[in-house]
Amino acid sequence: MVNTTLPANIGSAARAMHTMGLSRLTVVNPKLPIDETSVSHAAGGSDLLSAATIAPTLESAIANCQLVFAASSRSRHLPRPVVTPTQAAQIMCDFIDKQSALDTTDDNIETHAKTSSKPNIAILFGREDRGLTNEELAYADYHIQIDANPDYPVLNVASAVQVIASFFYAYVQAHTQSATSQLNNDVDNVTSPSLEVVLRQQWDEPAITQQQLLKLTDRTTELMIQRGLADSEHLKSLPARLSRLSSRLQLDQKEYQLLSALIAKLLKE
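None of the values given here were measured: they were computed from a predicted structure.

All right, on to the overall build of the chain then. On a plain count of helices and strands, the chain comes out with 10 helices and 6 strands. Taken over 269 residues, the chain has a buried fraction of 30%. The contacts in the chain between residues at least 6 apart in sequence include a share of 80% that link residues at least 24 apart. For the chain, the exposed surface amounts to about 17,400 Å²; the carbon and sulfur share of it is 53%.

What follows is the structure, given as structure tokens:
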């Protein structure tokens, strides 16, 4: 965070980082030091404030970084490549993977001379009122822009930290799970099966509403009780399971009418 004005924003940024699994905060030449308002806004992320580095200049803060991103709401003079938060997360993971592969395959280098397999990567955030200067943006390899209202695409600095960190966290989680799955693809996944996500590609009728889904769940439950397939006093999770089934089927209006007519007929018999 470069040249911040409000200590509270430093605390809010620390909270956002902690929520998304980030732990290394550097504050460059803040106008006011970290104080009690920072701590109060940090909540569970107060440890980040205690361990935060206070750097006199941006140059010193990123001197040991091999990859630098900068958050910017608009293109500046001589702009760098502009990426979305997701693209930035992909670039970061690819960079880390390639660095790790380099370290593990180069056996001709003495251990003490090898580059760390965990490179230093920085994401720069600017001032509350005007962001980063052109000179500061020039230090970055990539500029990150968050999709937002084109009439006012400016986020509070702590909000920007939260949004970008959340994209990074989501991408890293998916990246890690994918790598783990490749390593364990011969092992049966019996402990934590995941529900398949089905996206309906084409609709020839409108989808049913939540009110209709609830009504269908109630009528199906009523039919099962009537036919002795469920106990009205011990339904447990039956309504929830029926609701989940209907959601997974992604019923349209015609399908809803067919099922409703079938259930009504069976209830009369």
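Right, let's talk about the pairing of strand β3 (residues 67-71) for a bit. Where burial is concerned, most of β3 is hidden: 5 out of the 5 residues are buried. What you see with β3 is no split at all: Leu-67, Phe-69 and Ala-71 on one side and Val-68 and Ala-70 on the other are buried throughout. Strand direction decides the pairing type here: β3 and strand β5 (residues 121-124), joined by 4 bridges, are parallel. From the neighbouring strand, Phe-69 faces β5, where its bridge partner is Ile-123. Here β3 runs beside strand β6 (residues 142-144); their pairing, made up of 3 bridges, is parallel. Residue pairing across strands places Ala-70 opposite His-143, the latter belonging to β6.

Here the chain averages 87 in pLDDT, and 84% of its residues register 70 or above. Mean pLDDT across the elements of the chain ranges from a minimum in helix α5 (residues 85-105), with 84, to a maximum in strand β1 (residues 26-28), with 98.

All right, on to the environment of Lys-118 then. Along the polypeptide, Lys-118 turns up in the loop between α5 and β5. Between the C-alpha atom of Lys-118 and that of Ser-100, which follows or precedes it by 18 residues, the distance is 7.2 Å.

The next point concerns the side chain of Thr-217. Checked against the element boundaries, Thr-217 lands in helix α8 (residues 210-226). Thr-217 sits in the buried class, given a relative accessible area of 5%. Residues within four places of Thr-217 in sequence aside, it is in contact with Pro-239, Leu-242 and Ser-243.

The strand order across the open sheet formed by 4 strands is β4-β6-β3-β5, and the pairing between neighbours is parallel. A single partner strand is all that each edge strand has here, and the edge strands are β4 (82-83) and β5.

What follows concerns the pattern of salt bridges. Applying the stated criterion across every chain yields a total of 3 salt bridges. With a closest N to O distance of 3.3 Å, Arg-219 and Glu-222 form a salt bridge. Of this pair, Arg-219 and Glu-222 both sit in helix α8, 3 residues apart, which is roughly one turn of that helix. The class for Glu-222 is partly exposed, based on a relative accessible area of 39%.

Rules behind the numbers
One numbering rule holds for all chains: residues counted from 1, following each sequence as written. Under the rules for a predicted model, residues below a pLDDT of 70 receive no local features and side-chain atom pairs below 80 are neither given nor counted, while totals for whole chains, interfaces and linings still include all residues. Only hydrogens and water are set aside; all other atoms, that is, all heavy atoms of the structure, feed into the side-chain values. Put simply, DSSP marks the helices as runs of H or I at least four residues long and the strands as runs of E at least two long, and each gets a number from the N terminus on. Under the scheme applied here, a residue whose accessible area is under 20% of the maximum for its type counts as buried, over 50% as exposed, and between as partly exposed, the area being computed with a 1.4 Å probe on protein chains only. Only heavy atoms enter the contact rule, under which two residues are in contact if any of them lie within 4.5 Å. We get accessible surface area from the Shrake-Rupley algorithm with a probe of 1.4 Å; when it comes to residues, only the shown protein chains can shield them. What makes two strands pair is DSSP finding at least two bridges between them. Every residue gets a pLDDT, meaning the predictor's confidence in that residue, from 0 to 100. Throughout this description, the term salt bridge denotes a Lys or Arg side-chain nitrogen within 4 Å of a carboxyl oxygen of Asp or Glu.

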